Amino acid sequence: MKQRKYIAILVLMITLLSFDSCYHPHNQKHQQHDALIEYNDRQLDSISFSSKHHYTYKYNFVVKKDSLELLRQLPEELMSGMLVDSFAVKKHSLLVVADIRMMPQDSIDSVWIQLATVNSEFGWIHESKLLPSVVPDDPISQFISTFSDIHLLIFLIVVLVISMAYFLKKTVSKGGYLVHFNDIDSPYPTALVLIVATSATFYATIQTFWPDMWRQFYYHPTLNPMAVPHILGFFLASVWLLLIVFIACLDEVYHKLPIADGLLYMGGLVGVCAVDYVVFSISSLYFIGYPLLLFYWLWAIKRMKRQG
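Residues numbered from 1 in each chain as written. Predicted model: local features only at pLDDT ≥ 70, side-chain atom pairs only at ≥ 80, totals over all residues. Heavy atoms only, no water.

A. Summary view of the overall build of the protein. Assigned secondary structure in the protein consists of twelve helices and seven strands. Per-residue burial over the protein gives 39% buried out of 308 residues. In the protein, the share of contacts with a sequence separation of at least 24, taken over all contacts with a separation of at least 6, comes to 66%. Accessible area of the protein: about 18300 Å², with a carbon and sulfur share of 65%. (Helix = DSSP H or I, 4+ residues; strand = E, 2+ residues; numbered from the N terminus. Buried < 20%, exposed > 50% of the residue type's maximum accessible area, 1.4 Å probe, protein only. Contact = heavy atoms within 4.5 Å. Areas by Shrake-Rupley, 256 points an atom, 1.4 Å probe, with all protein chains shown as cover.)

Below you can see the structure in the form of structure tokens.
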């Protein structure tokens, strides 16, 4: 029975992670049709800007800072020393890119972005001031922005270290169940934490070696692993696999433990997953995460076999 479970989860992992190798997103006929289209100067500028900055006209942003100051007048008026006025846009306000202007003579930032609000107000701002203060109007992008916040990561580290130390002490002293240490008879919890660690490592790897690919995904996100480059598709497939294995863990815990013990066990499992995410997403940025991930896989599998 145990061998069947191991084989089932292995087949599931291989199947999902190989999805992106079977997809051909570009059709040659469509490419030929696109080549015949004639674009005006504004459209060509928009395409060129989008290829480098990953957004362009009519792109939607949401303000994530407390407020954002926009210039009512043209950038040329500010640079020429004329009196100008500005207005504030509050947090969570929707903004639409109305115009883009390149100002090579601006020593601060040559890219100026005009934004429109839902109240039909228009204002200009440097791109370098805009991007840290906004997030794309997409729930996936907003999720990425939240979990990329360094302050949130530091807070998570402190909370997780304290919580896991307390939880470990209580669990061990009462003989409770906990993945890696006193696990239930199931391969899914160990598989779950290993998938989290691997996904976090891939997340950091893409940011390090393919930052432009990650920025493109950030501005135009998708949950389809077959609609993105292979390396990014592998990461998305691992996220889907994580969700499937998590559901399998819930089912196993429901059938193997009483409700009270099951809730305690799932709390510990989620805590271990959170620790793995923080540790491997940060350590992989400094290349320590790769040997650490290999060691963690070997150690976790050895612990699972010993307890089984």
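B. Representation of the layout of surface pockets. Taken as a whole, the largest pocket encloses approximately 930 Å³ of empty space. If you trace the largest pocket, you find 27 residues lining it, with Phe-143, Phe-147, Val-239, Leu-242 and Tyr-277 closest to the centre. The set of elements that each furnish at least two residues to the lining of the largest pocket consists of helix H6 (139–147), helix H8 (188–209), helix H9 (211–219), helix H10 (230–256) and helix H11 (259–283). The greatest single-element share of the lining of the largest pocket, amounting to seven residues, is contributed by H10. (1 Å grid on protein atoms, 1.4 Å probe; cavity = no way out; pocket = protein on both sides within 12 Å on 5 of 7 lines; lining within 4 Å. Points joined across faces, edges and corners; volume = space filled by probe spheres on them.)

C. Just the packing of aromatic side chains, in detail. Enumeration according to the criterion identifies 18 aromatic pairs in this entry. Judged by centre distance (5.3 Å) and plane angle (75 degrees), the rings of Tyr-218 and Tyr-219 are edge-to-face. For the pair Tyr-218 and Tyr-219, a shared accessibility class is recorded, and that class is buried. (Phe/Tyr/Trp six-rings, centres within 6.5 Å; stacked < 30°, edge-to-face > 60°.)

D. A look at H6. Considered for burial, the residues of H6 that qualify are Ser-141, Ile-144 and Ser-145. Down the axis of H6, the smallest arc covering the buried residues is 100 degrees, so these residues share one side. Of the exposed residues in H6, the ones pointing more than 90 degrees away from its buried face are Pro-139 and Phe-143. Residue Asp-138 occupies the N-cap position of H6, its side-chain oxygen lying 2.9 Å from the main-chain nitrogen of Ile-140. (Arc of directions from axis to C-beta. Polar contact = N/O pair within 3.5 Å; in protein donor to acceptor, adjacent residues only side chain to side chain.)

E. Representation of the environment of Glu-76 within the structure. Summarising the element assignment, Glu-76 is placed in helix H4 (residues 75–79). For the pair Glu-76 and Asp-106, spaced 30 residues apart in sequence, the C-alpha to C-alpha distance is 9.4 Å. Those residues in contact with Glu-76, other than ones at most four positions away along the chain, are Arg-101 and Met-103.

F. Highlighting a nonpolar patch on the surface. Taken together, the side chains of Leu-223, Trp-240, Leu-243 and Ile-247 make up a nonpolar region of the molecular surface, amounting to roughly 380 Å² of accessible area. By the secondary structure assignment, Ile-247 is in helix H10. (Patch = residues over 30% accessible without salt bridge, like charges linked within 9 Å, V, L, I, M, F, W, Y side chains within 5 Å. Salt bridge = Lys/Arg side-chain N within 4 Å of Asp/Glu carboxyl O.)

On their own, these measurements won't tell you what the molecule is for.
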